[in-house]
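Below are the chains, spelled out letter by letter.
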Amino acid sequence: QKEVEQDPGPLSVPEGAIVSLNCTYSNSAFQYFMWYRQYSRKGPELLMYTYSSGNKEDGRFTAQVDKSSKYISLFIRDSQPSDSATYLCATRLNSGGYQKVTFGTGTKLQVIP
Amino acid sequence: DAGVTQSPTHLIKTRGQQVTLRCSPKSGHDTVSWYQQALGQGPQFIFQYYEEEERQRGNFPDRFSGHQFPNYSSELNVNALLLGDSALYLCASTSMSAYTEAFFGQGTRLTVV
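Cut-offs and rules
- Residues numbered from 1 in each chain as written.
- Chains lettered and ligands numbered in written order.
- Predicted model: local features only at pLDDT ≥ 70, side-chain atom pairs only at ≥ 80, totals over all residues.
- Heavy atoms only, no water.
- Pairing = 2+ DSSP bridges.
- Helix = DSSP H or I, 4+ residues; strand = E, 2+ residues; numbered from the N terminus.
- Axes fitted to C-alpha atoms, helices over the stretch in contact; angles between N-to-C directions.
- Phe/Tyr/Trp six-rings, centres within 6.5 Å; stacked < 30°, edge-to-face > 60°.
- Buried < 20%, exposed > 50% of the residue type's maximum accessible area, 1.4 Å probe, protein only.
- Lys NZ or Arg CZ within 6 Å of the ring centre and 35° of its normal.

S.K.: Looking at this structure, I do not really get the sheet that holds strand β3 (residues 19-24) of chain B. What am I missing?
M.R.: Sheet strands associate in pairs through backbone hydrogen bonding, adopting either a parallel or an antiparallel arrangement. Residues and elements named next belong to chain B. Judged by pairing direction, the sheet is antiparallel, and its 4 strands sit side by side in the order β1-β3-β8-β7 without closing on themselves. Every interior strand has two partners, whereas the edge strands, β1 (5-7) and β7 (64-68), have only one. Sheet twist, expressed as the mean angle between neighbouring strand axes with direction ignored, is 20 degrees. With 3 bridges connecting them, β1 and β3 associate as antiparallel partners. Looking at β3, one finds that S7 is bridged to R22.

S.K.: Would you explain the packing of aromatic side chains in this entry?
M.R.: How two aromatic rings sit relative to each other is set out by the distance from centre to centre and by the angle between their planes. Within this structure, the stated rule accounts for 12 aromatic pairs over all chains. Here the aromatic rings of A:F103 and B:F104 are separated by 5.7 Å at their centres, their planes lie at 65 degrees, and the arrangement is edge-to-face. Remark: B:F104 occurs in strand β10 (residues 103-104) and A:F103 occurs in strand β10 (residues 98-103); the pair is interchain, linking two chains. B:F104 matches A:F103 in its accessibility class, with the two residues each being buried. Aromatic ring contacts, followed pair by pair, group A:Y36, A:F103, B:Y35, B:F45 and B:F104 into a single cluster. In this structure, A:K67 packs its charged tip against the face of A:Y51, placed 4.8 Å from the ring centre. A cation over an aromatic ring shows up here: B:K26 above the ring of B:F103, its NZ or CZ 5.2 Å from the ring centre.

Spatial relationships are all this shows, so hold off on functional conclusions.
Following this line, the structure appears as structure tokens:
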């Protein structure tokens, strides 16, 4: 079983739609949860970062973590064509002088004008 | 702030050759991690360097080695290249003590022919 599972999509939505992206993880020791956006042939860009269960909002983006069910989500409101990219969820564990970041496979999102 | 810089951006090598990729971390960061991202996949952790030592290693063979310099920059070396080593190689930097989030460079796209 992969430590972080993510539906690879692709996901295609019309402009203005609400997008829901989801991941599950298996290791309850994971402490931090991130969402990265990656445009084609570019490095991942950090979008959202959360530590505890609950919601964190930043503009049109909301990250949600449910540690009890090991489920993390990213919601994008009023989606725009410029949001078309691959979205990677990631978890982080700090332990014994190193940081382990584990990524999902990424969900490819296309927002159609 | 220059962020994380990687060089070169693109590289073509022949099977069996050796390659060295370079990374300069974001200002204030002291920890460098390397990832391999195959087409359509999430980044896979190769190893992490902190205080010029390899602190953690993913499931990669010994053909993959690295180094960190006193100025925190890092190199990734791959020997005896295989066709399957063709991928985007990403460098991410963070601060071990401050628990800051990882910032990625734009990556080096390696093609092995």
